[in-house]
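# Reading the structure
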Amino acid sequence: MSISVLFAQNQKTISGIVTGSSGKPAEGITINLKGTKRFTTSKQDGSFSITAARGDVLIFSGLSFKTMEIVITDKDIYQVVMSETSTSLGDVVVVGYGTSSRKTISSSIYSLKAEDMNKGAITDIGQLLQGKVPGLNITASGDPNRPAAVILRGASTINSSQSPYYVIDGVPGADISLVSPDDIATVDVLKDAAATAIYGNRAANGLIMITTKRGKKGSPTINYNSYVGVEKVSNKLDMMDSAQLRSFLRKNNMGLSPNDDLGANTDWQAAIERNQAISHSENMSMSGGTDHGNYIASITYTNKEGIIQSSNLSRLIAHLAIQQYAINDKVKIGLNLTNSISNANNVPNRNVVLQQSILHLPVSPIRNTDGSFFENFNNTGYFNPVALIDHAQDNTKFNNLVGDFTVEVKLPFGLKYNLNASYQRSSYLHGEFYDSYYAKYNSANFYSNPEPPATHSLLNFGSNGSALRSSYQNETTTIEDYLTWDKKFGGHGINLVAGYSWQQNSSGDGFQATTTNLAVDNIGFYNLALSNYTAVTGYVVNFGADGIYNKTKFISDFARLNYNYKEKYLLQASIRRDGSSVFGTNNQWGYFPSVGAAWRIIKEAFMQNQHLFSDLKLRLSYGVTGNATGFSAYTAQFISGALGTYYYNGTTEAAYGPTQAENANLKWEKTATKNIGLDFGFLKGNITGSIDVYDKNTTGMIYSYSVDPILIPTGSIVANGGSMNNKGIELSLNANVVNHNVFSWTTGINLAHNKNEITSLSNPLFTGGDSIRLTQPDGGGQTGSTLQILKAGKPLGQFFTLQYAGKNSSGVSQYVAADGTLTTTPTIGTDYHYAGSPQPKLIAGWTNTFRYKNFDLNVFLRGSFGGKIFNVAKADLFRPSTAQYTNILADVANESINDVNSFKYSTRFIESGSFVRLDNATLGYNFTHLGNYVKRFRIYATVNNLFVITKYDGIDPEINQGGNAPGIDSDNFYPKTRTVLLGLNINL
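The model shown is predicted, which means the values in this text are computed figures rather than measured ones.

## Looking at the overall build of the protein
Each helix and strand in the protein was counted, giving eight helices and 49 strands. Relative to its length of 988 residues, the protein is compact, with a C-alpha radius of gyration of 31 Å against a globular reference of 30 Å. Dimensions of the protein, computed from C-alpha atoms along their principal axes, come out at roughly 115 × 65 × 65 Å. Residues counted as buried form 54% of the 988 residues belonging to the protein.

## Observations regarding the pairing of strand β22 (residues 392–410)
Note: strand β21 (residues 331–345) against β22, 15 bridges, orientation antiparallel. Bridged to Ser340 within β22 is Asn400. Here β22 runs beside strand β23 (residues 415–434); their pairing, made up of 19 bridges, is antiparallel. The residue of β23 that forms the bridge with Leu401 is Arg425. If you look at the hairpin formed by β22 and β23, you'll find four residues sitting between the two strands, and Phe413 has a positive phi there, around 65 degrees.

## Some details on the domain arrangement of the protein
You can read the domains of the protein as domain 1 (11–81) and domain 2 (229–368 + 381–463 + 473–510 + 548–983). The distance between the C-alpha centroids of domain 1 and domain 2 comes to 45 Å. A buried area of about 1,400 Å², summed over both sides, lies between domain 1 and domain 2, and 52% of it is on carbon and sulfur atoms. Taken together, the connections running from domain 1 to domain 2 amount to zero salt bridges. Our enumeration of links across domain 1 and domain 2 arrives at zero residue pairs in polar contact (both at pLDDT 80 or more). Listed by contribution, the elements that provide at least two residues to the side of domain 1 that touches domain 2 are β6 (68–71) and β7 (77–81). Sort the elements by how many residues they give to the side of domain 1 that touches domain 2 and β7 lands first, with three residues. Looking at the side of domain 1 that touches domain 2, its residues break down into five nonpolar, seven polar and three charged.

## As for the pairing of strand β33 (residues 687–706)
Successive side chains on a regular strand alternate, one facing one side of the sheet and the next facing the other. For strand β32 (residues 669–682) and β33, the ladder comprises 13 bridges, and the chain directions are antiparallel. Looking at β33, one finds that Gly681 is bridged to Thr688. Between β32 and β33, which pair antiparallel and follow one another directly, the connecting turn spans four residues, one of which, Leu683, has a positive phi of 50 degrees. Pairing geometry for β33 and strand β34 (residues 716–739), over 18 bridges, is antiparallel. Each bridged residue has a counterpart across the sheet, and for Asp695 the counterpart in β34 is Lys727.

## Some remarks on unusual backbone geometry
Note that the residue after Pro452, namely Pro453, is joined by a cis bond; omega there is 10 degrees. Inspection of the secondary structure puts Pro453 in the loop between β23 and β24 (466–489). Residue Ser771 is not a glycine yet carries a positive backbone phi of 55 degrees. As for its placement among the helices and strands, Ser771 is situated in the loop between β35 (743–760) and β36 (772–774).

## Quick word on the nonpolar core
Among the nonpolar cores identified, the biggest contains 35 residues, and Leu237, Leu245, Leu249, Phe870, Leu877, Leu889 and Ile968 are the most heavily contacted of them. Among the secondary structure elements, those contributing two or more residues to this core are α4 (242–251), α6 (350–359), β45 (868–870) and α8 (872–876). Here the element with the most residues in this core is α4; it accounts for three residues. Look past the residues within four positions of Ile968 in its chain and what remains in contact with it is Pro452, Thr775, Leu787, Gln788, Phe799, Phe870, Val872 and Ile959. In this structure, Tyr110, Met117, Ile122 and Leu129 belong to the second largest nonpolar core, which totals 27 residues.

## Remarks on the packing of aromatic side chains
For any pair of aromatic rings, the description rests on two quantities: the centre-to-centre distance and the angle between the ring planes. Evaluation of the coordinates by the stated rule reveals 37 aromatic pairs. Ring plane angle 25 degrees and centroid distance 5.4 Å describe the contact between Trp745 and Phe850, whose orientation is recorded as stacked. In this pair, Trp745 sits in strand β35 while Phe850 sits in strand β43 (residues 842–852), placing the two residues 105 residues apart along the sequence. Given a relative accessible area of 26%, Phe850 falls into the partly exposed group.

## Description of the sheet that holds strand β13 (residues 165–168)
Strand order in this open sheet of five strands is β10-β15-β16-β13-β14, and the pairing throughout is mixed. Whereas interior strands pair on both sides, the edge strands pair on one side only; in this sheet they are β10 (109–113) and β14 (171–172). Across two bridges, β13 lies against β14 in antiparallel orientation. From the neighbouring strand, Val167 faces β14, where its bridge partner is Pro172.

## Looking at a nonpolar patch on the surface
Taken together, the side chains of Tyr569, Trp599, Phe606, Leu618, Leu620, Ile676, Ile691, Val693 and Ile729 present a nonpolar region at the surface, about 750 Å² in accessible area. Elements supplying a minimum of two residues to the nonpolar patch: β29 (613–627) and β33. Inspection of the secondary structure assignment puts Tyr569 in strand β27 (residues 569–580).

## Some remarks on the environment of Ser219
For Ser219, the position within the fold is in strand β17 (residues 218–233). Ser219 sits in the partly exposed class, given a relative accessible area of 46%. On a C-alpha basis, the gap between Ser219 and Gln44 in space is 9.2 Å, while along the polypeptide they are 175 residues apart. Setting aside residues up to four positions removed in sequence, Ser219 forms contacts with Gln44, Ser287 and Lys935.

## Some words on α4
Those residues of α4 not exposed but buried are Ser242, Leu245, Phe248 and Leu249. Looking straight down α4, one finds its buried side chains confined to an arc of 135 degrees; they lie on one side. With respect to the buried face of α4, the exposed residues turned more than 90 degrees away are Ala243, Arg250 and Lys251. With a side-chain oxygen lying 3.2 Å from the backbone nitrogen of Ala243, the N-terminal cap of α4 falls on Asp241. In the segment just after α4, Asn253 is the residue with positive phi, at about 55 degrees.

## Overview of α6
Where burial is concerned, most of α6 is hidden: ten out of the ten residues are buried. Taken residue by residue, α6 has Arg350, Asn351, Val352, Val353, Leu354, Gln355, Gln356, Ser357, Ile358 and Leu359 as its buried positions. Each element contacted by the buried residues of α6 is listed here: α5 (268–271) and α7 (385–390).

## Topic: the sheet that holds strand β5 (residues 57–61)
What the four strands build is an open sheet, ordered β3-β2-β5-β6; its pairing is antiparallel. The sheet is open, and its two edges are formed by β3 (39–41) and β6, each paired on a single side. If you compare each strand with its neighbour and ignore which way they point, the axes differ by 20 degrees on average. As paired strands, β5 and β6 are joined by four bridges and run antiparallel to one another. Paired with Ile59 across the bridge in β6 is Glu69.

## Some thoughts on the side chain of Glu604
Position of Glu604 among the secondary structure elements: in the loop between β28 (589–600) and β29. Glu604 sits in the buried class, given a relative accessible area of 10%. Non-local contacts of Glu604, meaning those with residues more than four positions away in its chain, are made with Lys568, Tyr569 and Trp599.

## Some points on the environment of Tyr703
Tracing the sequence through the fold places Tyr703 in strand β33. Here Tyr703 falls in the buried class, since its relative accessible area comes to 15%. Residues Tyr703 and Asn159, 544 residues apart in the sequence, show an inter-C-alpha distance of 6.9 Å.

## Observations regarding the environment of Ala835
Following the sequence through the fold, Ala835 ends up in the loop between β42 (832–834) and β43. Placed 32 residues apart in sequence, Ala835 and Gly867 show a C-alpha to C-alpha distance of 12 Å. If near-sequence neighbours (up to four positions away) are discounted, Ala835 is found in contact with Gln798, Phe799, Thr801, Thr907 and Ile910.

## With respect to the pattern of salt bridges
Evaluation of the coordinates by the stated rule reveals 32 salt bridges. Across the pair Lys12 and Asp76 runs a salt bridge whose closest N-O atoms are separated by 3.2 Å. Within this pair, whereas Lys12 is found in strand β1 (residues 11–19), its partner Asp76 is found in the loop between β6 and β7, the two being separated by 64 residues in sequence. A relative accessible area of 38% places Asp76 in the partly exposed class.

## Side note on the confidence of the model for the protein
Per-residue pLDDT for the protein averages 89, and the proportion of residues at 70 or more is 97%. For residues 86–90, every residue scores under 50 in pLDDT, and the model assigns this stretch 16 contacts once sequence neighbours within four places are set aside.

Criteria and thresholds
Think of each chain on its own: its residues are numbered from 1, step by step along the sequence as written. Selection of residues for local features in this predicted model requires a pLDDT of at least 70, selection of side-chain atom pairs for listing and counting requires 80 or more, and totals for whole chains, interfaces and linings are taken over all residues. Only hydrogens and water are set aside; all other atoms, that is, all heavy atoms of the structure, feed into the side-chain values. Put simply, DSSP H or I for four residues or longer makes a helix, DSSP E for two residues or longer makes a strand, and each gets a number counted from the N terminus. When we talk radius of gyration, it's over C-alpha atoms, and the globule rule is simply 2.2 Å times the number of residues to the 0.38. In this scheme, a residue with accessible area under 20% of its type's maximum is buried, one over 50% is exposed, and one in between is partly exposed, where area comes from a 1.4 Å probe on protein chains only. Paired strands, in this sense, are two strands between which DSSP finds at least two bridges. Where each domain begins and ends follows an automated or database-derived domain assignment. For any pair of parts, buried area is found by adding up, for both, the accessible area (1.4 Å probe) each one loses once the two are put together. What makes a salt bridge here is a side-chain nitrogen of Lys or Arg within 4 Å of a carboxyl oxygen of Asp or Glu, nothing more. Polar contact criterion, stated in full: a pair of N or O atoms within 3.5 Å, where within protein one must be able to donate a hydrogen and the other to accept it, and residues adjacent in sequence count only if both atoms are side-chain atoms. Each residue is assigned to one of three groups, with Ala, Val, Leu, Ile, Met, Phe, Trp, Tyr, Cys and Pro labelled nonpolar, Asp, Glu, Lys and Arg labelled charged, and all others, Gly among them, labelled polar. Buried Ala, Val, Leu, Ile, Met, Phe, Trp, Tyr and Cys residues that are joined via side-chain atoms within 4.5 Å together make up what is termed a nonpolar core. Contact between two residues is taken to exist if any of their heavy atoms lie within 4.5 Å; hydrogens are not considered. Stacked, tilted and edge-to-face are the three classes assigned to paired rings of Phe, Tyr and Trp, where Trp is represented by its six-membered ring and a pair needs centres within 6.5 Å; plane angles under 30 degrees give stacked, over 60 edge-to-face, the rest tilted. A patch is a set of surface residues, each over 30% in relative accessible area and not in a salt bridge, joined within 9 Å for like charges and within 5 Å for the nonpolar side chains Val, Leu, Ile, Met, Phe, Trp and Tyr. Per-residue and other accessible areas follow the Shrake-Rupley method at a 1.4 Å probe size, with only the shown protein chains counted as cover for residues. Note that the arc is defined by the directions from the helix axis to the C-beta atoms. Helix axes are fitted to C-alpha atoms over the stretch in contact, other axes to C-alpha atoms as well, and angles between N-to-C directions run from 0 to 180 degrees. pLDDT expresses, on a scale from 0 to 100, how confident the predictor is about each individual residue.

Okay, structure coming up:
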């Protein structure tokens, strides 16, 4: 009896909070008293309570977490931090038209939870994923109004969108501006064709499936997230200041014009920038649920200033998701509504402003003594960049709405029926205004400065100001239904999905108009009727591009079979039949099959007595996907339009005729992918990872070919013919290095190598297509000089330019001619050489998370290696002989003014684009035991872009990798920033 009393007296109540490595409460964790049947589970806020004695051992286990043990000491309250593994076998993966357990998938899918994504003042989904997914190459500038370029496993085409296709909460093609980063629960990146082929015509560039948060059973929960950040320019070009410039000119017996030299020392790059840009975000959500339904409602407001004056993005997102069960929980009805309202203030003539900020002489002031802007129109193409901003407006308002109604019905015999009906509407209201000041530029050769590979064009700003106003609306209606049969018998498991999809898209429903000769300067772009453009001789109103309105349809049937035997041998097969109105009448339908198989070696009998591996699975897959994005309703159609004028019977008449040829045989671009992968886990799951090797081949690439005008009057036709290949290998590795209840350290690294090659650009029926030179920056004295080439056997973006060979005895830059000799007068095109690729050979991301008691620290580094950058900005500023007219780089100080070739585009200006960036460091602290009402209170500080290690001479080595002209650092790079951010998370 006394022993029993003593035992009872040793027992005490042990309580605490269980969280994941990110600090979020871990609900549903089982806490078991080792050696007994006594257990409890953690609540929604992570709290738990159990009776135990000193010296007892508590075992903590839960789905997607590593099991851990703690020994009871004299303490009564414990803070338990459990480590997750992103490749946990228990994870549920969104696979398109359903979900699957990670242990039974046979395709290449990479999953991220909210806590795995990048932190910071981020409004773009691409930047959330930057460096986090092997094979996902994401590049972004500092412009808050420009989305990141996202390329998965290399570009698959040269004609249309190269970005992955987004599916948000089951809605295909939803706009990513609809998603607040705080609302995201998981992101699943589907990489191989076995995973993506179920989406057929949209899946050639990969799929990104975004799932937002849902309400959970229990009392209502209120979450509040907020941050404020301060951004400063992280780097700028090293231009000469006034003293350096005067010294250089004096040394070379040159002088400044008195029209320019007014005794100033202006940093023109700083002149167009804010001293600091402020970003802030507020997110509040309320969620809850019962046994028969759940709900979540959230609202997010974000305001992000750009570091360049006048640029800014504000966005308001409201989100509502409701799920309700009925008829004995046999029917589940869901309603999702999201509306995103964005207001983007752009830098007027952004690229010209950036160009002028590095060209302007430092000896000139921003303003004259009378307060007016300094200008010197004796120098053509020379404009005050601050005046360009101050005398213009550029604004776009976006309104994106998506509504999604879902029904899920459980039927007899293991059948389940799903219906998804969604409606998307996006509207754009755009305005530009250039006041009467801009009329001064009309006689000064004001050229645009477009993104590569486009070439510049001469602009005219009318008389007494000019304005543009446009309003367009896009709509997408989608109805999808599918039947699922999920059955297990014996050791066999079958999941069969069959369905139908119908989608109608309309875009460009609206109008555009321009005008000039406004009554006063303060009208802006709001009252175009207060103008008199008819009084300006020759002015023509611009009503927008021809054929901007499109209506297209997609109709699809699809089926997928997943089979497993004892979750050891896995087989997946799918087929999708797609029809699209964007292709020729003879080829509007396409078939997209896939097959995948996997062997869970870890389940074999011979693996049961070993202790090294905790998981081992071999995957093989092959599939074909299609590409219909980026093509319009008119791509394959015959179109007639204006063709200039002709002289007839003494008068000039308007000409009208064919402008585009019909191609009834235009068909789908198809991408076939082979993938072999190995998933593994070591040491009881403390080390997990995967390796994937793939071969992706695109055929029937759509391109414009030359053709005899006698056969086709337009002289060209859009047809299939080209092909492109990407081969690569990817590795992801995650480890729980230390897993203690007081201190833990997890680390994860991902590496990806991809080799891109254009394998063909020809069509047997038409001429041309191959060896197309492109990217013509048109720097001074270099009209017609190009930098890149589309060529079979070479990668996309292949540099093709002059080969620099140092300087001759006279100090003049010389180049290797086509015949191998040296020349100082090379011929454009003829004397060009292949000169490297902008495609990186390796991209990497490395994250480390440390936790000590209530503190957490996450450090993330990202790198890109082996790619080249053509530094066009450096070439255009490498002009010692014209330094009295436009500024030059400080590096030019030792150049001779007699080198008339110093600025020529050549291999001299091709540099390594390799870099390592400390992208993100976040330090947080979690307050506990704050009473019955505050479940969680966390404060944190984040630094983004803390440093970059690189040999690149430009502003930043992270140059755009999207489009047909990757790796070009033109003189219009919007500078990246370094951000210091403070934030808090409160759960009530």
